[in-house]
Amino acid sequence: MDHFLYRDGELYAEDVPVADIAAAVGTPFYLYSTATLTRHFQLFDDALDGMEHMVCYAMKAASNQAILKTLADLGAGMDVVSGGEYARAKAAGVPGDRIVFSGVGKTRSEIRAALEGGIRQFNVESEPELFVISEIAESLGKTAPITVRVNPDVDAKTHAKIATGKSENKFGIPIAKARAVYAEAATLPGIDVIGIDVHIGSQLTDLAPYELAYLKVAELTEQLRADGHDIRRLDLGGGLGIPYTRSNEAPPLPSDYGALIKRTLGHLDCEIEIEPGRLIAGNAGILVSRVIYVKEGEGRNFLILDGAMNDLIRPAMYDAHHDIVPVVEPVPGAEQQPYDIVGPVCESGDTFARNRMMPPLQAGDLVAFRSAGAYGAVMASEYNTRPLVPEVLAKGDQFAVIRERPDFDEIINRDTIPPWL
Ligand SMILES: *Cc1c(COP(=O)(O)O)cnc(C)c1O
């Protein structure tokens, strides 16, 4: 249930016809549903009911401030992975004590800004980072709350580019080394050790890797407590997958995930944090695009859209599948034909789908890429000097542009010509 449904023969976002928004905003654009964002946040929040917890939205999935504010108003914290995300979360009104800072390469200026602006905790990924955080915190007369991100050496069984929990990945500290690192951390004057962090990957469609990882975290919690550390918070990362096709088998539900957390970690009496990104935003957003040309090739027909790989890079980057649907509802049983669906960018990689069965489409028709809300707009670029794709948020019968499409002057005027030219 994602609130992008056909009604009276056309696609709606909640109670707004998608075609009306396209007429007002122009294409391509991202379109999010408030009700879907809300529903997905609530599913996680409810799944952890009965345990002290905070759902910290991994804002790298979709970081428009209107989305952040929608979620923060429901009680969400934020998981940030850069100084820019930290500043953006603050600008959206999220207080520092609800912001968790993750990432393997936090710079000194990012760490200082977070300590000055307030931070719920740093998830520390290496010993050198630990020393730097301690030094900066001390210089500011503060202590930094930290967890250490442990790498449990678990195979998340997901796409290689988004697996993070194997020993060969750059993330975290090997779990076997964790006790030594915690012992070291406890001696540092600027550090307050509060818990453990783990995040094994993204788009997980099976709970088994989580179970393996969380059992290791449970064991480590007991060991660290026996070593004298006050482990009181467990950050369990994000990564729960979403269905990208309506036919494929359903990934686990947040409620199953919550039950697994309770079963593996509930007895430890820790505050639980989770960092879902994709499951909150993914099916809460679509990319709306218009057919520019239908081109008859040799043995295949191309649908050339005004959206391209710079607007949605997931198919090119992760071989990702997105369902692509016409905005005008096809009549039931309508004849379908195969299309290669492509954008106008000068690369063969600018291909969204090959041999995709679609009802016959014509120049000017609108299509929607489903499940495009996460890792869509945030990964967009201006490649080919195509303006950064705008974003729109729907709520009931209202919609608002939450990021304007820049005009050419705005893009071009960012360049400066050196004095010798
Ligand atoms: C990317 C990331 C997440 C979110 O992953 P999703 O698959 O979008 O849920 C959470 N925590 C960390 C540390 C991440 O890097």
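Residues numbered from 1 in each chain as written. Predicted model: local features only at pLDDT ≥ 70, side-chain atom pairs only at ≥ 80, totals over all residues. Heavy atoms only, no water.

1. Some words on the overall build of the protein chain
Part 1: Summing up its helical and strand segments, the protein chain has 12 helices and 21 strands in all.
Part 2: A globule of 421 residues ought to have a C-alpha radius of gyration of about 22 Å, and the protein chain, at 23 Å, matches this closely.
Part 3: Its C-alpha atoms put the protein chain at 70 × 60 × 40 Å along the principal axes.
Part 4: The proportion of buried residues among the 421 residues of the protein chain is 54%.
Part 5: For the protein chain, restricting intrachain contacts to residue pairs at least 6 apart in sequence, the fraction spanning at least 24 positions comes to 70%.
Part 6: In the structure as shown, the protein chain presents an accessible area of about 17900 Å², 51% of it carried by carbon and sulfur atoms.
Part 7: Positive and negative side-chain charges in the protein chain, numbering 39 and 60 respectively, have mean positions lying 2 Å apart. (Helix = DSSP H or I, 4+ residues; strand = E, 2+ residues; numbered from the N terminus. Rg over C-alpha atoms; globule rule 2.2 N^0.38 Å. Buried < 20%, exposed > 50% of the residue type's maximum accessible area, 1.4 Å probe, protein only. Contact = heavy atoms within 4.5 Å. Areas by Shrake-Rupley, 256 points an atom, 1.4 Å probe, with all protein chains shown as cover. Lys, Arg positive; Asp, Glu negative; His and termini not counted. Charge placed at Lys NZ, Arg CZ, Asp CG, Glu CD.)

2. Overview of unusual backbone geometry
Part 1: The step from Thr27 to Pro28 runs through a cis peptide bond, and the omega angle for that step is -5°.
Part 2: Tracing the backbone shows Pro28 in the loop between α1 (18-25) and β4 (29-33).
Part 3: At His3, a residue that is not glycine, the phi angle is positive and equals roughly 65°.
Part 4: Summarising the element assignment, His3 is placed in the segment before β1 (4-7).
Part 5: The phi dihedral of Asn384 is positive, around 70°, even though this residue is not glycine.

3. Overview of helix α7 (residues 178-187)
Part 1: Among all positions in α7, only Ala178, Val181, Tyr182 and Ala185 are buried. Looking straight down α7, one finds its buried side chains confined to an arc of 100°; they lie on one side. The outward face of α7, more than 90 degrees from its buried face, is lined by the exposed residues Ala180 and Thr187.
Part 2: Buried positions along α7 lie against α6 (127-139), β9 (144-151), β10 (173-174), β11 (191-197) and α8 (208-226). (Arc of directions from axis to C-beta.)

4. A word on the packing of helix α2 (residues 34-47) against helix α3 (residues 65-72)
Part 1: Relative orientation of the contacting elements α2 and α3 amounts to 45°, with a least axis distance of 10 Å. Between α2 and α3, the interaxial angle falls into the category oblique. Handedness of the α2/α3 crossing: right-handed. For the pair α2 and α3, the contacting residues are Thr34, Leu37, Thr38 and Phe41 in the first and Ile67, Thr70 and Leu71 in the second.
Part 2: Split by residue class, the contact of α2 with α3 holds 4 nonpolar, 3 polar and no charged. (Axes fitted to C-alpha atoms, helices over the stretch in contact; angles between N-to-C directions. Parallel < 35°, antiparallel > 145°, perpendicular 65-115°, else oblique. Left-handed = near helix turned anticlockwise from the far one by under 90°. Nonpolar A, V, L, I, M, F, W, Y, C, P; charged D, E, K, R; others polar.)

5. What about the sheet that holds strand β3 (residues 16-17)?
Part 1: Strand order across the open sheet formed by 3 strands is β1-β2-β3, with antiparallel pairing between neighbours. Whereas interior strands pair on both sides, the edge strands pair on one side only; in this sheet they are β1 and β3.
Part 2: Bridge analysis of strand β2 (residues 10-13) against β3 gives 2 bridges, and the strand direction is antiparallel. Each bridged residue has a counterpart across the sheet, and for Tyr12 the counterpart in β3 is Pro17. (Pairing = 2+ DSSP bridges.)

6. Comments concerning the site of the ligand
Part 1: Among the 15 residues in the neighbourhood of the ligand, the closest are listed as Lys60, Ser202, Glu275, Arg278 and Tyr375.
Part 2: In this structure, Arg278 approaches the ligand through a main-chain N or O atom, which is 2.7 Å from an oxygen atom.
Part 3: For the ligand, the accessible surface in isolation is 390 Å², of which the surrounding protein chains cover 93%.
Part 4: A breakdown of the residues in the shell around the ligand according to their chemical character gives 3 nonpolar, 7 polar and 5 charged. (Near = heavy atom within 4 Å. Polar contact = N/O pair within 3.5 Å; in protein donor to acceptor, adjacent residues only side chain to side chain.)

7. Digging into a nonpolar patch on the surface
Part 1: On the surface, a cluster of nonpolar side chains totalling about 470 Å² of accessible area is made up of Ile417, Trp420 and Leu421.
Part 2: For Leu421, the position within the fold is in the segment after α12 (408-412).
Part 3: Owing to a relative accessible area of 71%, Leu421 belongs among the exposed residues under this scheme. (Patch = residues over 30% accessible without salt bridge, like charges linked within 9 Å, V, L, I, M, F, W, Y side chains within 5 Å. Salt bridge = Lys/Arg side-chain N within 4 Å of Asp/Glu carboxyl O.)

8. A closer look at the environment of Leu303
Part 1: Relative to the elements of secondary structure, Leu303 occurs in strand β15 (residues 301-305).
Part 2: A relative accessible area of 0% means that Leu303 is categorised as buried.
Part 3: Through-space distance from the C-alpha of Leu303 to that of Asp97 is 48 Å; in sequence the pair is 206 residues apart.
Part 4: Residues contacting Leu303, with those up to four places away along its chain left out, are Val291, Tyr293, Val294, Tyr339, Asp340, Ile341, Val342 and Leu361.

9. Topic: the domain arrangement of the protein chain
Part 1: For the protein chain, the assigned domains are domain 1 (4-31 + 282-412) and domain 2 (35-280).
Part 2: Listed per partner, the contact involves 23 residues of domain 1 and 23 residues of domain 2.
Part 3: Roughly 1900 Å² of surface becomes buried between domain 1 and domain 2 when both sides are summed, with 53% attributable to carbon and sulfur atoms.
Part 4: Summed over the three residues of domain 1 that lose the most area to domain 2, namely Asn283, Tyr318 and Tyr375, the buried surface amounts to 27% of that side. (Domains from an automatic or database assignment. Buried area = accessible area lost by both parts, 1.4 Å probe.)

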